[in-house]
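If you want the building blocks of each chain, they are given just below.
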Amino acid sequence: NLSVVETIFDDMFADDMEMAKLRHLPGITDIINSFQSEVESASDLFLTAGLARDQQKQQEGQQFESAFRKLRVRYAGESVCMMENFGRTKKKAVKALMARPSVDLLDLEPLWETLRKLISALMDLEMRQVEQCEEIIGEYEAKYFELKQACLEGQQSFFRLIEEHENNFTRDLVQLMNE
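Attention here is on the structure that accompanies the text. All values derive from a computational prediction rather than experimental measurement.

Examining the overall build of the protein
Logical step 1: Within the protein one finds four helices and zero strands.
Logical step 2: Along its sequence from the N terminus, the protein presents helices and strands in the succession α-α-α-α.
Logical step 3: A compact globule built from 179 residues should have a C-alpha radius of gyration of about 16 Å, whereas the protein, at 34 Å, is more than 25% larger.
Logical step 4: Its C-alpha atoms put the protein at 115 × 20 × 20 Å along the principal axes.
Logical step 5: Evaluated residue by residue, the protein yields a buried proportion of 21% over its 179 residues.
Logical step 6: Of note, the protein has its 21 positive side-chain charges centred 18 Å away from the centre of its 33 negative side-chain charges.

Shown next as structure tokens:
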């Protein structure tokens, strides 16, 4: 929506056939120049604010992606560590079992119990990750919504200001024509 501010003044007069006739009135140039100056000033303010908000959106997006990536890396690291620990435990257990003359099914129970604990711990880890991801997403959505609302309010303020300047221009133009 920022591109409209660059051409709004010219667009206002582009198809106005009456303005072509009114341009011959003495004093009209000053009124038009004043109106143009007001519109350009409002446009510059809107453009500056819009670019700042766009920059904020970009920063929020980058912060979100960074936080999300860090969270995933952290939990991936934790799960890999848990799996590596289980791998070492399993290796020791298998080595100890291989040293026995015979292995009974009950001899595998401690390893099965360790595996069940690992599965439970990995599921808990995943649930914590999901909860934290939802929290990060919620925070990002809230901030993005605030920025979006600020953009909409900025647009409304800009167009109200342009409308006010246009009303002043019309008033001055009518006053000039009446003189």
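Describing the packing of aromatic side chains
Logical step 1: One pass over the full model with this rule turns up seven aromatic pairs.
Logical step 2: The interplanar angle of 15° and the centroid separation of 4.6 Å between the aromatic rings of phenylalanine 35 and phenylalanine 169 together place this pair among those described as stacked. With phenylalanine 35 in helix 3 (residues 28-99) and phenylalanine 169 in helix 4 (residues 109-178), this residue pair connects regions lying 134 residues apart in the sequence. Neither residue differs from the other here; phenylalanine 35 and phenylalanine 169 are each classed as buried.
Logical step 3: Among the aromatic residues, ring-to-ring pairing joins Phe64, Phe68, Tyr140 and Tyr144 into one connected group.
Logical step 4: Above the ring of tyrosine 75, the side-chain terminus of arginine 74 is found at 4.6 Å from the ring centroid.

What about the environment of tyrosine 75?
Logical step 1: Within the secondary structure, tyrosine 75 is located in helix 3.
Logical step 2: Residue classification places tyrosine 75 among the buried residues on the basis of a relative accessible area of 2%.
Logical step 3: In the structure, tyrosine 75 is positioned 51 residues away from glutamate 126 in sequence and 7.8 Å away in space, judged by C-alpha atoms.
Logical step 4: At 2.9 Å, the side chain of tyrosine 75 and the side chain of glutamine 132 are in polar contact.

Cut-offs used in this document
Residues numbered from 1 in each chain as written. Predicted model: local features only at pLDDT ≥ 70, side-chain atom pairs only at ≥ 80, totals over all residues. Heavy atoms only, no water. Helix = DSSP H or I, 4+ residues; strand = E, 2+ residues; numbered from the N terminus. Rg over C-alpha atoms; globule rule 2.2 N^0.38 Å. Buried < 20%, exposed > 50% of the residue type's maximum accessible area, 1.4 Å probe, protein only. Lys, Arg positive; Asp, Glu negative; His and termini not counted. Charge placed at Lys NZ, Arg CZ, Asp CG, Glu CD. Phe/Tyr/Trp six-rings, centres within 6.5 Å; stacked < 30°, edge-to-face > 60°. Lys NZ or Arg CZ within 6 Å of the ring centre and 35° of its normal. Polar contact = N/O pair within 3.5 Å; in protein donor to acceptor, adjacent residues only side chain to side chain.

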